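An overview of the molecular structure
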Amino acid sequence: MSAIPSVTLNDGAWFPELGLGTYNLRGTEGVEAMVSAIETGYRLLDTAVNYENEREVGEAVRRSGVPRDELLVASKIPGRHHGRQEAIDSVKGSLGMLDLDRIDLHLIHWPNPSVGRYVDTWQGLIEARQQGLVRSIGVSNFTESMLTELIEETGVVPAVNQVELHPYFPQERLRAFHAQHGIRTESWSPLARRSELLTEQLLHELATIYEVTPTQVVLRWHTQLGSTPIPKSSDPDRQRENADVFDFTLTEEQIAAISALERGRLWGADPDTHEEM
Ligand SMILES: NC(=O)c1ccc[n+]([C@@H]2O[C@H](COP(=O)([O-])OP(=O)(O)OC[C@H]3O[C@@H](n4cnc5c(N)ncnc54)[C@H](OP(=O)(O)O)[C@@H]3O)[C@@H](O)[C@H]2O)c1
C-alpha cells in the first residue's frame, strides 16, 4: 500500500489527502480503532467537541508511538461556543480534553446563521492561532456567501471547509469556489454513511476494471476531485481498504460518470437552515 500523500494548505501547513473520521469512536474500543488506523498509515484524525471523544483521540495519538509532528488532530467549535472569547475558551477546552500542546486544525463546526456570530467566532480562531494554540484554522458547512463574508470581514481565508460531499452530492460549485480562493475541500460522510451508494452498478463496474472495491473507487474519486475524504471505520481491515486508494487513477470520464450519480443532500443538513449547538 502506498503512503497517504499530502498537499500544502494556504497557510503553508501540510495536510493529508485522506484522513480518519472518528464520530462514534469512543471508549477503549475507540482508542484501539484509532491506534490501528495510525498504524495503517492514517495521519489525520477528525474529531469535534460534540463527538465527545477528544480524550480518546489524544490518547490514541500518545499511544500510537508516531511522533507528534507527523500526526494531525483536527477538532471543531460547537454552536454553543460561538463568539470571539467563547471560541478561544472552546479551543482551550479541547486542548485540555485532548491533553495535547497544540491542535493542528480547528474548524467552526456549523455556521448557525440565526445566531449570527460566526464572524466573531472566526475572529476568536484567528486569535487562537496567533496565540499558538492551533496551527491551521478553517470552517465546516460554510456556503460561498458565508465564506465571502469571513474573508471580507477579516481578510483571513479559511484553510479548509469540511462539507457533506459524496457521489450523491458532489458540490461542484462550492468546490470551484474553494479552488478559486485556495481553500482545501474536506469531505464528510464520504461514503454516504455506506447507504445504498456502495451498491451502485457503476461503482462495481469500475471496481472490476481496477481490481479494487467500490468503496476504494469512491474514495479515489474524492482525492482526484482535490478533496480530502475522512471515512470513518472501526474495523482495521476496512480502515486499510479505505486508505489503500493511491495506486490507481480514474479517467476524467469515469470521474464525471461518478459525479453524475448526484441526487442532492442526503440528510437535509442545509447550512442556511440546519443548526447544531
Ligand atoms: N463537519 C460535520 O458536520 C460532519 C458531519 C458528519 C460527519 N463528519 C465527519 O466525517 C466522518 C465520516 O463521516 P460518517 O462517519 O458520517 O460517514 P462515512 O465515513 O461516509 O461512513 C461511515 C460508515 O461506513 C462504514 N464503512 C467504512 N468503511 C467501509 C468499507 N470499506 N466498507 C463498508 N462499509 C464501510 C462504517 O462502518 P464500520 O465503522 O463498521 O467500518 C460506518 O458505518 C465522521 O466520522 C466525522 O469525523 C463531519
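Cut-off values and rules
- Residues numbered from 1 in each chain as written.
- Predicted model: local features only at pLDDT ≥ 70, side-chain atom pairs only at ≥ 80, totals over all residues.
- Heavy atoms only, no water.
- Near = heavy atom within 4 Å.
- Polar contact = N/O pair within 3.5 Å; in protein donor to acceptor, adjacent residues only side chain to side chain.
- Areas by Shrake-Rupley, 256 points an atom, 1.4 Å probe, with all protein chains shown as cover.
- Helix = DSSP H or I, 4+ residues; strand = E, 2+ residues; numbered from the N terminus.
- Nonpolar A, V, L, I, M, F, W, Y, C, P; charged D, E, K, R; others polar.
- Buried < 20%, exposed > 50% of the residue type's maximum accessible area, 1.4 Å probe, protein only.
- Arc of directions from axis to C-beta.
- Contact = heavy atoms within 4.5 Å.

For the ligand, the set of nearby residues contains 27 residues, the closest of which are D46, S189, K232, S233 and R238. At 2.8 Å, a side-chain N or O of K232 approaches an oxygen atom of the ligand. N242 is positioned such that a nitrogen or oxygen atom in its side chain is 2.9 Å from a nitrogen atom of the ligand. With the chains in place, 89% of the 910 Å² that the ligand exposes on its own is no longer accessible. Of all the elements, helix 9 (residues 236-243) adds the most residues to the shell around the ligand, at 3 residues. Grouping the amino acids of the shell around the ligand by side-chain chemistry returns 9 nonpolar, 11 polar and 7 charged.

To continue, consider helix 9. Those residues of helix 9 not exposed but buried are Q239, N242 and A243. Along the axis of helix 9, the buried residues cluster in a sector spanning 95°; they form a single face. Next to the buried residues of helix 9 lie strand 3 (20-21), helix 1 (27-40) and helix 8 (214-225). A side-chain oxygen of the first residue of helix 9 lies 3.1 Å from the backbone nitrogen of D237; this N-cap is D235.

Bringing the side chain of N161 into the picture now. Position of N161 among the secondary structure elements: in strand 8 (residues 160-164). Under the relative-accessibility criterion, N161 is labelled buried at 0%. One polar contact links the side chain of N161 to the main-chain amide nitrogen of N141, over a distance of 3.4 Å. A polar side-chain atom of N161 sits 2.9 Å from the main-chain carbonyl oxygen of F142. The residues contacting N161, other than those within four sequence positions of it, are V139, S140, N141, F142, L147, L174, H178, I183, R184, T185 and E186.

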